Amino acid sequence: MKVLVIGGGGREHALVWALHKSPQVTEILCAPGNGGIAQLARCISVDPGNLHEMVNIVSIEQPALTVIGPELPLSVGLVDELIKRGYRVFGPTQAAAMLETSKAFAKKFMQRHDVPTAAHAICVTLEEVHEELPRFAMPVVVKASGLAAGKGVVICETHLQAEEAAAQMFSGALLGTAESEVVLEEFLTGEELSFFALCDGTHAIEIASAQDHKRVGEGDTGPNTGGMGAYSTDGIATPAMRQWLLRNIAQRTVDGMKSEGEPFKGVLFCGIMMTPRGPMVLEFNTRFGDPETEAILLRLETDIVDLFNASIDGTANQLTITMRPGASVCIIAASGGYPGKYASGKPIHGLSNMGSQSEDVVVFHSGTAIKDGQLVTAGGRVLAISAVALDLQTALNKAYAELAKISFEGMQYRRDIGHRALRQEQA
């Protein structure tokens, strides 16, 4: 079968890599793809935010299956348009994707369906922000309601900082586009967990759990990014806790969306804070996470095409998802200056065979391009060095050893991925 993947980052490279292993797949296309994806798939130039362009590519190429990686195509209704035309597509409709594309919608939804989350207030003016802030203890979290590529969350230590952050969101100074809604949220403490469930509109089943590293600096310091690395292990959550998360968060969300007439199909990414009061949802994503996917898919033993088909056909409850025992990791090599301003076009050195090393160590391309025959940087997050092993330390050793061979001007990465889990193992 011919499969089209929409997107061009590390997550999409991991999806293409997993599809490439499937005996059911004969041809892979990726739109727009990147320098690493081009080694496994035929890349087609497209703007993932341009609905007409993407629908046109599907109508020309006639893939048996279209898989949508990033949130932007979901937000403009690509799934709806393809379903309307009779194509098989993996991902939620525009209305179902509002669980991610509108934090205000997600908060109201969680209230309606008794999904545990932090106390919050939704504000549409600075005056409302000023009125609501005294109800929150400091620090307080200020969130842009719309899509923000992981950069729309500001933790504020004072009321003044919170009002300034909200003002920058409303004006567009912070994210480049003006927000119509800002969410104030109780600051939660605890361990973060990314819980992934495959959903078919009626059922939710567990895929895997991982932990992302959002801050740019070691020791979880500095500004938030789209993610500087992730790890996934057997023991990241107990079986009982995973069942609780599946039942009380993922399945409850699927039930709620179905009851409201907008069945949720695709991957539900539940960003969880394991607080002293119990697990609470920080956010939903309505697609595979990045960089968690680059770690998780190294452990996936079930054919990924079976996951996509089960979601589309409403048969997720009949599928058994098997993960390789042990641990997997992903370490992001980012451009200097990221998540702020950074330069692109820097030559990348030391990648063997354009990043495909073995089944146990794979370098996924997050932001790369080919320029005059040379692989160059083309994004803030450039490479996702991923590895799998029987234990976390060994997986990390493999990934960092591979990373040591790679260089480009200004390259930065965290040297402490998995530090919380390693401390717990050593305790």
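Each remark here, short or long, concerns the structure printed above.
Is there a simple way to think about the overall build of the chain in this case?
When helices and strands are tallied, the chain shows 13 helices and 21 strands. In summary, the chain has a C-alpha radius of gyration of 20 Å against a globular reference of 22 Å for 427 residues, a match within 12%. For the chain, the spread of C-alpha atoms along the principal axes amounts to about 55 × 45 × 45 Å. In the chain, once contacts between residues fewer than 6 apart in sequence are set aside, the share between residues at least 24 apart is 68%. A total accessible area of about 16400 Å² is found for the chain, and carbon and sulfur atoms account for 51% of it.

Honestly, the state of the cysteines in this entry has me stumped. Any pointers?
Put plainly, a disulfide is one covalent bond tying together the sulfur atoms of two cysteines. One pass over the structure, following the stated rule, counts 0 disulfides. Its sulfur unpaired, cysteine 43 is 5.4 Å from the next cysteine sulfur, which belongs to cysteine 30. The exposure class assigned to cysteine 43 is partly exposed, which follows from its relative accessible area of 31%. With no disulfide of its own, cysteine 330 lies 17 Å from the sulfur of cysteine 30, the closest cysteine sulfur. When its relative accessible area of 0% is taken as the criterion, cysteine 330 is described as buried.

I'm lost on the packing of helix α1 (residues 10-20) against helix α11 (residues 304-313) in this one. Help?
For any two helices packed against each other, one specifies the inter-axial angle together with the distance between the axes. Here α1 crosses α11 at 105°, and the two axes come no closer than 8 Å. As the angle between them shows, α1 and α11 are arranged roughly perpendicular. Residues Leu15, Ala18 and Leu19 of α1 touch α11, and the partners they reach there are Ile304, Val305 and Phe308.

Would you explain the sheet that holds strand β15 (residues 265-275) in this entry?
Consider a sheet: its strands pair through backbone hydrogen bonds, and that pairing is either parallel or antiparallel. Reading across from one edge, β16-β15-β10-β11-β14-β17-β21-β18 is the order of the 8 strands in this open sheet, with antiparallel pairing throughout. Of all the strands in the sheet, just β16 (278-285) and β18 (361-365) have a single pairing partner and so form its edges. The sheet shows a mean angle of 25° between the axes of neighbouring strands, direction not considered. Pairing of strand β10 (residues 191-200) with β15 involves 10 bridges; the strand directions are antiparallel. Along β15, the bridge assignment pairs leucine 198 with valine 267. Its contacts with the sheet put helix α10 (residues 292-299) on β10, β11 (204-212), β14 (229-233), β15, β17 (327-334), β18 and β21 (381-389), and the angle it makes with β17 is roughly 150°.

Help me understand the sheet that holds strand β7 (residues 140-144), please; the structure alone is not making it clear to me.
With respect to topology, 4 strands assemble into an open sheet ordered β6-β9-β7-β8, the strand pairing being antiparallel. The open sheet has two free edges, formed respectively by β6 (120-123) and β8 (153-156), since each of these has just one partner strand. Direction aside, neighbouring strands of the sheet carry axes that sit 20° apart on average. In this structure, β7 lies alongside strand β9 (residues 182-186), joined through 5 bridges in antiparallel fashion. Its bridge partner lying in β9, lysine 143 is registered against valine 183. Sheet strands in contact with helix α6 (residues 103-112) are β6, β7 and β9, and its direction is about 135° off that of β6. Relative to β7, helix α8 (residues 159-171) is tilted by about 0°, and along the sheet it contacts β6, β7, β8 and β9.

Help me understand helix α12 (residues 392-403), please; the structure alone is not making it clear to me.
Helical geometry note: an α-helix holds 3.6 residues per turn, so side chains three or four residues apart project in the same direction. Taking 1.5 Å per residue, 12 residues should reach 16 Å; α12 reaches 16 Å between its end C-alpha atoms and fits that length. Restricting attention to buried positions, one finds in α12 the residues Leu392, Ala395, Leu396, Ala399, Glu402 and Leu403. Burial along α12 is one-sided: seen end-on, the buried residues are contained in an arc of 130°. Two or three places before glutamine 393, at the opening of α12, aspartate 391 has a side-chain oxygen 3.2 Å from that residue's backbone nitrogen.

Would you mind showing me how to read the pairing of strand β4 (residues 65-68) here?
Residues in a regular strand point their side chains to alternate faces of the sheet. Residues Leu65 and Val67 point to one face of β4 and Thr66 and Ile68 to the other, with burial holding for every one of them. Two strands pair when backbone bridges link them, and strand β1 (residues 2-7) and β4 are joined in this way by 4 bridges, in the parallel orientation. Within β4, the residue paired with valine 5 across the bridge is valine 67. Pairing of β4 with strand β5 (residues 89-90), which is carried by 2 bridges, proceeds in the parallel orientation. Across the sheet, residue threonine 66 finds its bridge partner in β5, namely valine 89.

Rules used throughout
Residue positions are counted from 1 within each chain, in the order its sequence is given. Reporting of local features is limited, given that this is a predicted model, to residues whose pLDDT is at least 70; pairs of side-chain atoms are given and counted only at 80 or more, and all residues count toward the totals for whole chains, interfaces and linings. As a convention, hydrogens and water are excluded, and side-chain values are obtained from all of the structure's heavy atoms. Helix numbering and strand numbering both begin at the N terminus, where a helix is a DSSP run of H or I of at least 4 residues and a strand a DSSP run of E of at least 2. With C-alpha atoms as the basis for the radius of gyration, the globule rule is written as 2.2 Å multiplied by the number of residues raised to the power 0.38. Here, two residues are considered to be in contact whenever any of their heavy atoms come within 4.5 Å of each other. To be clear on the numbers: accessible area is Shrake-Rupley with a 1.4 Å probe, and residue cover counts the displayed protein chains and nothing else. Cysteine sulfurs are considered disulfide-paired once they come within 2.5 Å of each other. Using a 1.4 Å probe on the protein chains alone, a residue whose accessible area is under 20% of its type maximum counts as buried, one over 50% counts as exposed, and one in between counts as partly exposed. An axis is simply a line fitted to the C-alpha atoms; with a helix, the fit covers only the stretch in contact. Between two such axes, the angle follows the N-to-C directions and lies from 0 to 180 degrees. Under this scheme an angle from 65 to 115 degrees is roughly perpendicular, one under 35 degrees roughly parallel, and one over 145 degrees roughly antiparallel; angles in between are oblique. DSSP calls a pair of strands paired once it identifies at least 2 bridges connecting them. Helix span, expected: 1.5 Å multiplied by one less than the number of residues in the helix. The directions considered for the arc are those from the helix axis to the C-beta atoms. Within 3.5 Å is the distance limit for a polar contact, defined as a pair of N or O atoms, with the added protein rule that one can donate a hydrogen and the other accept it, and that residues adjacent in sequence qualify only through two side-chain atoms.

Remember that the coordinates give geometry; whether it matters functionally is a separate question.
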